[in-house]
Amino acid sequence: MKCPSLPEPAVSPESVFPPESPSFDHLLHCVPDVEAAVAAYTAAGLPAHANPPHLGFRNGAWRLDARYIEILTLTDRAEFAGSPYAEAMADWMPRIDALLAADGGALNFAIHVADVAATTERLRRAGHQVELLTFARAGSPVSFQEAMISGAPPWAPFFITYTPDRQVILEKFSAGRVHRGPHDLAGFVIETPDPRASAAWLSALTGIPLPAGHTVLPLPGAHVHFTPGPADRITTLLLTADTPPTTTINGLAVRPL
């Protein structure tokens with residue numbers, strides 16, 4: 001997919017970074033078979049788990065702490081089409097289909113912010129078209145809101161805020177699923193035709209300061225490394241701690257930082 005023209009930064013990063021507190025939340029890895037991908041992650045030293053299918057969708061994760069890599073697929077397209085997730089992911093479906101047909105790959109990533117509604121308003125004032133969605137499953141004590149940007153590059157993030165706070169969710173509901181293993185996520189690589197322009201665009205979008213000409217955005221929790229190339233997508237997870245593996249799992253490379 002061709003990357004749209006990236007506008008010049010419209011907001012001063014220093015003015016918005018502290019109150020929004022952006023940080024890496026999770027990255028979406030589309031795979032044909034969640035169980036097989038979970039096994040591959042685990043064999044590489046990244047202990048992952050699979051969840052049961054739900055509404056035609058199935059996911060799993062390598063969960064480090066509040067951060068995680070989501071491993072996902074579609075199990076029943078007819079059932080999925082009637083779910084609340086189908087509408088939210090409609091713009092992503094061509095990319096999801098292409099990734100699944102190619103044996104998998106990274107889709108995009110989520111950035112946690114203190115108040116996604118406030119982030120949405122800031123982005124709208126800056127000229128972005130943003131849809132704010134709320135997700136809540138009946139009987140679940142957890143809900144979340146996501147801000148999705150239209151007309152953005154295919155790798156562009158969306159923004160997320162949880163209720164209750166994600167640290168509370170981690171400690172109260174997800175503690176038993178945190179198995180980081182010996183490695184940590186240092187960041188990830190996005191291959192783009194113009195790394196400097198893409199890094200500057202993401203800096204303005206998130207409010208995270210970026211020195212002029214630099215191509216690594218210091219997103220707390222996972223730095224975003226831009227590298228030149230035609231793919232215009234997330235290509236690689238960068239790991240640290242212990243001795244990280246060098247491998248590829250369903251179209252997503254994994255290597256030491």
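Residues numbered from 1 in each chain as written. Predicted model: local features only at pLDDT ≥ 70, side-chain atom pairs only at ≥ 80, totals over all residues. Heavy atoms only, no water.

### Some remarks on the pairing of strand β9 (residues 184-192)
Within β9, nine of the nine residues are buried, which leaves it mostly tucked inside the rest of the structure. One ladder, built from seven bridges, connects β9 with strand β12 (residues 233-240); its direction is antiparallel. Among the inter-strand pairings, L185 is bridged to a residue of β12, identified as L239. Direction of pairing for β9 relative to strand β11 (residues 223-228): parallel, over a ladder of six bridges. Along β11, the bridge assignment pairs G187 with H223. (Buried < 20%, exposed > 50% of the residue type's maximum accessible area, 1.4 Å probe, protein only. Helix = DSSP H or I, 4+ residues; strand = E, 2+ residues; numbered from the N terminus. Pairing = 2+ DSSP bridges.)

### Here's the deal with the layout of surface pockets
For the largest pocket, the calculated volume is near 1200 Å³. The wall of the largest pocket is formed by 40 residues, among which N51, N59, Y68, R137 and F144 lie closest to the centre. Going through the elements one at a time, β1 (23-30), β3 (57-63), β4 (68-74), α4 (84-88), β6 (130-136), β7 (143-149), β8 (158-163) and α7 (166-172) are the ones with two or more residues in the lining of the largest pocket. In terms of residues, the lining of the largest pocket owes the most to one element, β3, which gives six residues. Looking at the lining of the largest pocket residue by residue, the class counts come to 23 nonpolar, nine polar and eight charged. Of the pockets and cavities examined, the second largest pocket occupies roughly 320 Å³. Lining of the second largest pocket is provided by 19 residues; of these, D91, W92, R95, I149 and S150 occupy positions nearest its centre. Breaking the lining of the second largest pocket down by element, the ones donating at least two residues are α4 and β7. Its residues assigned to classes, the lining of the second largest pocket shows 12 nonpolar, three polar and four charged. (1 Å grid on protein atoms, 1.4 Å probe; cavity = no way out; pocket = protein on both sides within 12 Å on 5 of 7 lines; lining within 4 Å. Points joined across faces, edges and corners; volume = space filled by probe spheres on them. Nonpolar A, V, L, I, M, F, W, Y, C, P; charged D, E, K, R; others polar.)

### Things to note about the pattern of salt bridges
If you walk through the whole model with that rule in mind, you get eight salt bridges. For R58, the salt bridge goes to E35, with nearest N and O atoms at 3.0 Å. On the criterion of sequence distance, the pair formed by R58 in strand β3 and E35 in helix α2 (residues 34-43) is long-range, its members being 23 residues apart. Relative accessible area serves as the criterion here: at 43%, E35 is assigned to the partly exposed category. For R124, the salt bridge identified is with E121, shortest N-O distance 3.2 Å. Here R124 pairs with E121, and both are found in helix α6 (residues 116-125), just three residues apart, close to one helical turn. A relative accessible area of 38% means that R124 is categorised as partly exposed. Overlapping salt bridges, with partners in common, bring together D65, R67, R180 and D184 in one network. (Salt bridge = Lys/Arg side-chain N within 4 Å of Asp/Glu carboxyl O.)

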